Amino acid sequence: MKIIKKIDIYLLRNFLWLFIATFFIAIFILLMQFMWMHVTDLVGKGIGVSVLAEFFLYATASVVPLALPLAILLSSLICFGNLAEQVELTAMKAAGISLFRIMRPLAIAVTFLCIGAFFFSNNVLPKSQTKLWALIFSLRQKSPELEIPVGEFYDEISGFHIFVHSKTRDGALLRIMIYDYSDGFENAKVMVADTGRLASSADRHYLILNLINGETFENLNKKQQRATGTTKSIPYRRETFSKKRILIDFSTDFNRLDDSVLQDQHVSKDVVQLIQSIDSVRVVSRERSREQSDKLISERYFNRESVNNVQLPEKLSDEQRTLYNWDSLWASLNVNQQKQVLSIAHERACTYRDQIDYQAIILDDSNRYIRKHEIELYRKFTLAFACLIFFFIGAPLGTIIRKGGLGAPVIISVILFIIYYIIDNTGYKMAREALWPCWAGMWLSSFVLLPVGIFLTYKAATDSPLFNPEAWVIGWKRFVAKFKELKWFHFMKL
């Protein structure tokens, strides 16, 4: 007896071709969205083709966690929609094959895809994310390619604003105005020239600006006036030149950051490393919290550190309570002394509050570190589980709606995926802000969509006309008829 039937091969072939096509379409759409978010890091930087190809490769790997569930949902919906629309599904059921038997080979294939998704997010994604963000940070630090526009001020060079009236075909700049703020606004310089040419130094670390026939205006402070030996108050210095060369610090090289700067980030770790980081930081955080609370109680509670330079004991006896009777001590003071005591108490309370707030900030950094790692840990499992849930939503939904192709399935898939994305993003934000436990926030989308998948699978297996308008009308009429048969309804009519 063959384990794999011809019907299994037929279903797998139809599903896998659809999955591959929809997967690459989803990758392309999500990649374009990712590129639009980082377009300012790429445009105008003079990046080479090899760096762009590397960026595209790492960006493609980063969008796989979103593209994979969408592709499984869309491909399963189209596959079963085509089978239902072409009456092939009806023929299979007429031959005695149940819906669960039809879904079995595809469910096994999707299970292997889920396992592969987990290993991808655990082994491949951390490395690609590390290299991607190291590359993005390197691109952000790179200076843009120098392209001075005509008729507007160019401020991409730090400390300089350059205005060019026009350009010649050979690249000469005509009627230039330069505001030099490199020494501060109080020591600003203004340069105007008829013609100028801009070039880079041999090591590409400096810009060389050659000016012809111009003037320089420079503010003079008192120190510069004394250096010139003049006793008169001169507000600025004017210089006329026929040729002038200016050297500007402006590096155009692409300096790549080392990947090691992101090694301690949550995006660069697998499951084992995430668990180890969470456990180690949690132990340190708990120990630090315990030390702070013990120190606060032992040294600061009710100003316990000193009363007349005497250390107060932890527990007071009856005789000591009489000696340190706060009401009697307060009553023995005059009004000025009471005001002074209140002022000192208020100052000390504010000091203690600031110390507690500072310690809380330190502890919150550790807790935020733990939350980020826990979110990343749960994300590796929720991705694989979401792929399985989307199959059990798409397959029965395609059976029920009986529509194939790229029309209704695409619209339904996009709507369901948007709902999933909103729920998942809401849970992520709740977990990130510590409003919910991390496991609850990251598994929220699975908790919501799992009952939907079970409900649709049950309705498809029982051939329920879920999306048939006539069935809904008949059901509503039956409900109204049952409602009118109730005794209290007739009583209210009387």
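The coordinates are above.
Since this is a predicted model, take the numbers as computed values, not measurements.

Caption draft 1: How the structure looks around the overall build of the chain. Counting its regular elements, the chain contains 15 helices and six strands. Each of the 494 residues in the chain was classed as buried or not, and the buried ones make up 35%. Split by element, the accessible area of the chain, about 30,800 Å² in all, is 62% carbon and sulfur.

Caption draft 2: Summary view of the packing of aromatic side chains. In the structure shown here, the tally under the stated rule is 15 aromatic pairs. A centroid spacing of 6.3 Å and a plane angle of 15° characterise the contact between phenylalanine 15 and phenylalanine 19, whose relative ring orientation is stacked. Taken together, the positions of phenylalanine 15 and phenylalanine 19, both in helix H1 (residues 6-37) and four residues apart, correspond to about one turn of that helix. Phenylalanine 19 matches phenylalanine 15 in its accessibility class, with the two residues each being buried. Aromatic pair phenylalanine 153 and tyrosine 179: ring centres 5.9 Å apart, planes at 55°, arrangement tilted. Remark: tyrosine 179 occurs in strand E3 (residues 173-180) and phenylalanine 153 occurs in strand E1 (residues 153-154); sequence separation between them is 26 residues.

Caption draft 3: Local environment of the pairing of E3. Bridge count for strand E2 (residues 160-167) against E3 is seven bridges, and the pairing is antiparallel. Note that in E3 the partner of serine 166 across the bridge is leucine 174. Of the strand pairs in this sheet, E3 and strand E4 (residues 189-200) are connected by seven bridges, and their pairing is antiparallel. Residue pairing for E4: isoleucine 176 is matched across the bridge by alanine 193.

Caption draft 4: Structural detail: the pattern of salt bridges. Throughout the structure, instances matching the rule amount to eight salt bridges. Lysine 380 is the partner of glutamate 376 in a salt bridge, and the nearest nitrogen-oxygen pair spans 3.9 Å. Of this pair, glutamate 376 and lysine 380 are both found in helix H10 (residues 335-401), four residues apart, which corresponds to roughly one turn of the helix. Among the ionic pairs, arginine 432 bridges to glutamate 433, the shortest N-O distance being 3.2 Å. Taken together, the shared-partner salt bridges in this structure form one network comprising Glu376, Arg379 and Lys380.

Caption draft 5: Representation of a nonpolar patch on the surface within the structure. A surface patch of nonpolar side chains, amounting to about 480 Å² of accessible area, comprises Ile25, Phe28, Ile29, Met32 and Phe56. By residue number, the principal contributor to the nonpolar patch is H1, which donates four residues. Residue classification places isoleucine 29 among the exposed positions, given a relative accessible area of 52%.

Caption draft 6: Geometry of empty space enclosed by the protein. Counting across every chain of the model gives one cavity of 30 Å³ or more. The calculated volume of the largest cavity comes to roughly 50 Å³. Lining the largest cavity are Pro65, Ser121, Leu125, Glu376, Arg379, Lys380 and Leu383. Elements supplying a minimum of two residues to the lining of the largest cavity: helix H5 (99-141) and H10. Sort the elements by how many residues they give to the lining of the largest cavity and H10 lands first, with four residues.

Caption draft 7: Layout of the side chain of glutamate 215. Residue position: glutamate 215 is located in strand E5 (residues 206-219). Polar side-chain contacts of glutamate 215 include one of 2.5 Å to the side chain of arginine 238. The contact partners of glutamate 215, leaving out residues within four places of it in the chain, are Val190, Met191, Val192, Arg238, Glu239, Thr240 and Phe241.

Caption draft 8: Up close: the layout of surface pockets. Put simply, the largest pocket is a space of about 1,500 Å³. Elements represented by at least two residues in the lining of the largest pocket include exactly H1, helix H3 (49-85), H5, H10 and helix H11 (408-432). The element that contributes the greatest number of residues to the lining of the largest pocket is H11, accounting for 11 residues. Here the residues of the lining of the largest pocket sort into 27 nonpolar, nine polar and five charged.

Caption draft 9: The arrangement of the nonpolar core in detail. Counting 68 residues, the largest nonpolar core has Phe23, Phe55, Phe80, Phe391 and Ile393 as the members making the most contacts within it. Elements supplying a minimum of two residues to this core: H1, H3, helix H4 (88-94), H5, helix H7 (271-300), H10, H11 and helix H13 (444-461). In terms of residues, this core owes the most to one element, H3, which gives 17 residues. Beyond its immediate chain neighbours, meaning those up to four positions away, phenylalanine 23 contacts Val64, Ala67, Leu68 and Ala71.

Caption draft 10: Structural detail: H3. If you check H3, its first and last C-alpha atoms are just 47 Å apart, much less than what 37 residues at 1.5 Å a residue would give, namely 54 Å. Largest kink in H3: about 50°, centred on valine 64, with the proline proline 65 one to four residues after it. Within H3, 26 of the 37 residues are buried, leaving the element largely enclosed by the surrounding structure. One or two positions beyond H3, positive phi appears at valine 87, with a value near 65°.

Caption draft 11: Structural detail: the packing of H3 against H10. Put simply, H3 and H10 touch, their axes get as near as 7 Å, and they point 20° apart. The orientation of H3 with respect to H10, classified from their angle, is roughly parallel. In this structure, H3 meets H10 at a crossing whose hand is right-handed. Contact residues: H3 offers Pro65, Leu68, Pro69, Ile72, Leu73, Ser76, Leu77, Phe80, Gly81 and Ala84, while H10 offers Leu383, Cys387, Phe390, Phe391, Ile393, Gly394, Ala395, Leu397, Gly398, Thr399 and Ile401. Split by residue class, the contact of H3 with H10 holds 16 nonpolar, five polar and no charged.

Rules used in this analysis
- Residues numbered from 1 in each chain as written.
- Predicted model: local features only at pLDDT ≥ 70, side-chain atom pairs only at ≥ 80, totals over all residues.
- Heavy atoms only, no water.
- Helix = DSSP H or I, 4+ residues; strand = E, 2+ residues; numbered from the N terminus.
- Buried < 20%, exposed > 50% of the residue type's maximum accessible area, 1.4 Å probe, protein only.
- Areas by Shrake-Rupley, 256 points an atom, 1.4 Å probe, with all protein chains shown as cover.
- Phe/Tyr/Trp six-rings, centres within 6.5 Å; stacked < 30°, edge-to-face > 60°.
- Pairing = 2+ DSSP bridges.
- Salt bridge = Lys/Arg side-chain N within 4 Å of Asp/Glu carboxyl O.
- Patch = residues over 30% accessible without salt bridge, like charges linked within 9 Å, V, L, I, M, F, W, Y side chains within 5 Å.
- 1 Å grid on protein atoms, 1.4 Å probe; cavity = no way out; pocket = protein on both sides within 12 Å on 5 of 7 lines; lining within 4 Å.
- Points joined across faces, edges and corners; volume = space filled by probe spheres on them.
- Polar contact = N/O pair within 3.5 Å; in protein donor to acceptor, adjacent residues only side chain to side chain.
- Contact = heavy atoms within 4.5 Å.
- Nonpolar A, V, L, I, M, F, W, Y, C, P; charged D, E, K, R; others polar.
- Core = buried A, V, L, I, M, F, W, Y, C linked by side-chain atoms within 4.5 Å.
- Expected span 1.5 Å × (residues − 1).
- Bend = angle between axes of the 7 residues up to and from the residue.
- Axes fitted to C-alpha atoms, helices over the stretch in contact; angles between N-to-C directions.
- Parallel < 35°, antiparallel > 145°, perpendicular 65-115°, else oblique.
- Left-handed = near helix turned anticlockwise from the far one by under 90°.

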